[in-house]
Amino acid sequence: MAHVELSLSEVLAPAARTPTAQESDNFGQWSLTVSHADEPCLLIDAETKVVAVSAAGCELLCLGAPEDVIGLPLLGGGLRLLDFTANPRELTEQEIDKIPPLLALSSGRLARGLLRVQAASTGAPDATVDAISTPVLTDGSVTGSLTFFSEV
């Protein structure tokens, strides 16, 4: 029979300090984190503009360099999403509203789904990625969404 032992220790709280303006802003913290992340991730604001994207995210989504897409609308910055049919076509407006980053914005809840991303160069295979998105809250309101991607 297994034996489990539990012990409690004193919690060591960090010393109190005054947070900087950037540290006190949840959206600003995520922006800084995404910008420096090694993982493929993306942060958009409530108007769907790209606020931050990791270099790995740009590579996976065929977006070029992060500085080329920051400030642009998510779908106006070079991201081309295709359907999963045998003869792929770009997603319709109704289908685009259901992609995880936008669904997390509109629903205020976690969203997950597969995306088919058109390759940047002709002849290269399209990429299929798993996207997991969460809304980003500021003062209880959805102000953006954070998405992590993984190639399938």
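Let me sum up the structure you'll find in this document. On a predicted model such as this, the values are computed, not experimentally measured, just so you know. The numbering scheme is per chain: residues are counted from 1 as the chain's sequence reads. Two thresholds apply to this predicted model, a pLDDT of at least 70 for residue-level local features and 80 or more for giving and counting side-chain atom pairs, whereas whole-chain, interface and lining totals are computed over all residues. Think of the side-chain values as coming from all heavy atoms in the structure, minus any hydrogens and water.

Our next topic: helix α2 (residues 26-36). Because each turn of an α-helix spans 3.6 residues, side chains separated by three or four positions in sequence point in the same direction. Exposure is judged per residue with a 1.4 Å probe applied to protein chains only, and the accessible area is read against the type maximum: over 50% gives exposed, under 20% gives buried, and values in between give partly exposed. Helix numbering and strand numbering both begin at the N terminus, where a helix is a DSSP run of H or I of at least 4 residues and a strand a DSSP run of E of at least 2. Regarding α2, the residues found buried are Phe27, Gly28, Ser31 and Val34. All buried residues of α2 fall inside an arc of 130 degrees around its axis, so they share one side. Sitting at the head of α2, Asp25 places a side-chain oxygen 3.0 Å from the backbone nitrogen of Phe27. Note that the arc is defined by the directions from the helix axis to the C-beta atoms. Pairs of N or O atoms are called polar contacts if they sit within 3.5 Å, as long as, within protein, a hydrogen donor faces a hydrogen acceptor (for residues adjacent in sequence, only side-chain-to-side-chain pairs).

Attention now goes to the sheet that holds strand β2 (residues 50-53). Two modes of strand pairing occur in sheets, parallel and antiparallel, and in both the strands are linked by backbone hydrogen bonds. One open sheet accounts for six strands, arranged β2-β1-β6-β5-β4-β3; its pairing is antiparallel. One side of each edge strand has no neighbouring strand; the edge strands of this open sheet are β2 and β3 (81-82). Between any two strands, at least two bridges found by DSSP are needed for them to pair. One ladder, built from ten bridges, connects strand β5 (residues 127-138) with strand β6 (residues 141-151); its direction is antiparallel. Following the sheet pairing, Pro135 is matched in β6 by Ser145. Against the sheet, α2 contacts β1 (41-45), β2, β5 and β6, and its axis sits at roughly 150 degrees relative to β1. When checking whether two residues touch, look at their non-hydrogen atoms; a contact exists if any pair is within 4.5 Å. Axis definition: a line fitted to C-alpha atoms, limited for helices to the stretch in contact. Angles are taken between N-to-C directions and run from 0 to 180 degrees.

Attention now goes to a nonpolar patch on the surface. Think of a patch as exposed residues, more than 30% relative accessible area, with no salt bridge, where like charges cluster within 9 Å and nonpolar side chains (Val, Leu, Ile, Met, Phe, Trp, Tyr) cluster within 5 Å. All accessible-area figures derive from a Shrake-Rupley calculation using a 1.4 Å probe, and residue coverage is judged against the displayed protein chains alone. In what follows, salt bridge is the name for a side-chain nitrogen of Lys or Arg lying within 4 Å of a carboxyl oxygen of Asp or Glu. The grouping of Phe84, Leu114 and Val152 at the surface amounts to a nonpolar patch, some 320 Å² of accessible area in total. Locating Phe84 in the fold gives a position in the loop between β3 and α5 (93-96).

Once the charged atoms of two side chains with opposite charge are near each other, the side chains can pair. Evaluation of the coordinates by the stated rule reveals four salt bridges. Close ionic contact of Glu95 with Arg89 constitutes a salt bridge, the shortest N to O distance being 3.3 Å. For Arg89, a relative accessible area of 40% gives the class partly exposed. The closest approach of N and O atoms between Asp130 and Arg112, which form a salt bridge, is 2.5 Å. A residue pair is termed long-range when its members are at least 10 positions apart, and Asp130 in strand β5 and Arg112 in strand β4 (residues 111-117) qualify at 18 residues. Residue classification places Asp130 among the buried residues on the basis of a relative accessible area of 14%. Taking relative accessible area as the criterion, Arg112 reaches 61% and is therefore assigned exposed.

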